[in-house]
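# Report on the structure
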Amino acid sequence: MIKYGGEWISEVEFQNFIINGVLFDSAFTYDVFIVELYKQLNIDPTKGLLDIKYIVTAGSMPIYNDMSVKLYMQMKKKSLDINEYPLCITLIPVEFPAGELSDPIQIVEANHFPSIEDDFSEEQLEDEPKPIIMDPLYRNIKEG
């Protein structure tokens, strides 16, 4: 179940939404998941980015990469209640230059949340000194 177009009142309360039922393949990657959401909800991707969360006991969980999609799909598989873990989707208005989002890959890239891997190139990580821990109590740590 998808709750779309509502507003977050708190970390566990999403109100004033439209309900839509969508069936997803549990093998979807984040990229395919985002493209399918735009299609199924009939949202023009040039109108903004999707903010996707679902409610759990402790608060709301975002969906922002392949692992978060897999976690969500596993939770849904184990739950027989269609109302449990609904996707709560809001549209974050963003103005894109004309023609910038013309294919599904660009849509996914626009919705991509940065990860730690995006912050560092492989060359930067290889140039960093690697600590050598000689003392199990961490009293004497050397670089090398």
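The structure this text deals with has already been given above.
Summary of the structure given here.

What counts and what doesn't
- Residues numbered from 1 in each chain as written.
- Predicted model: local features only at pLDDT ≥ 70, side-chain atom pairs only at ≥ 80, totals over all residues.
- Heavy atoms only, no water.
- Buried < 20%, exposed > 50% of the residue type's maximum accessible area, 1.4 Å probe, protein only.
- Helix = DSSP H or I, 4+ residues; strand = E, 2+ residues; numbered from the N terminus.
- Phe/Tyr/Trp six-rings, centres within 6.5 Å; stacked < 30°, edge-to-face > 60°.
- Lys NZ or Arg CZ within 6 Å of the ring centre and 35° of its normal.
- Core = buried A, V, L, I, M, F, W, Y, C linked by side-chain atoms within 4.5 Å.
- Contact = heavy atoms within 4.5 Å.
- Pairing = 2+ DSSP bridges.
- Axes fitted to C-alpha atoms, helices over the stretch in contact; angles between N-to-C directions.

## Some remarks on helix H1 (residues 30-40)
Two residues of an α-helix separated by three or four positions point the same way, owing to the 3.6 residues in each turn. Buried residues of H1: Tyr30, Phe33, Ile34, Val35, Glu36, Leu37 and Tyr38, and no others. Downstream of H1 by a residue or two, asparagine 42 has a phi angle that is positive, lying close to 55°.

## What to know about the packing of aromatic side chains
Where two aromatic rings form a pair, the distance of their centres and the angle of their planes describe that pair. If you walk through the whole model with that rule in mind, you get six aromatic pairs. A ring pair is formed by tryptophan 8 and phenylalanine 14, whose centres lie 4.9 Å apart and whose planes are at 55°; its orientation type is tilted. By relative accessible area, tryptophan 8 is classed as partly exposed at 23%. Seen from their ring centres, phenylalanine 24 and phenylalanine 33 are 4.8 Å apart, and the 50° between their planes marks the pair as tilted. For the pair shown, phenylalanine 24 and phenylalanine 33 are each scored as buried. These aromatic residues form a ring-pair network of at least three members: Trp8, Phe14 and Phe17. Between lysine 53 and the ring centre of tryptophan 8, over which it is positioned, the NZ or CZ distance is 5.5 Å.

## Topic: the nonpolar core
Formed by 24 residues in total, the largest nonpolar core has its most connected members in Phe33 and Leu87. Every element with two or more residues in this core is listed here: strand E1 (2-4), H1, strand E5 (48-56), helix H2 (66-78) and strand E7 (87-93). When neighbours within four sequence positions are excluded, leucine 87 is seen to be in contact with Met1, Ile2, Lys3, Phe24, Phe33, Leu37, Ile52, Lys53, Tyr54, Ile63 and Tyr72.

## A closer look at the sheet that holds E5
Pairing is mixed in the open sheet, where five strands are placed in the order E4-E1-E7-E5-E6. Sheet topology places strand E4 (18-20) and strand E6 (59-62) at the edges, where each strand pairs with a single neighbour. When strand polarity is set aside, the average angle formed by the axes of neighbouring strands in this sheet is 35°. Relative to E7, E1 runs parallel, the two being bridged by three bridges. Bridge pairing in E7 places isoleucine 2 opposite leucine 87.

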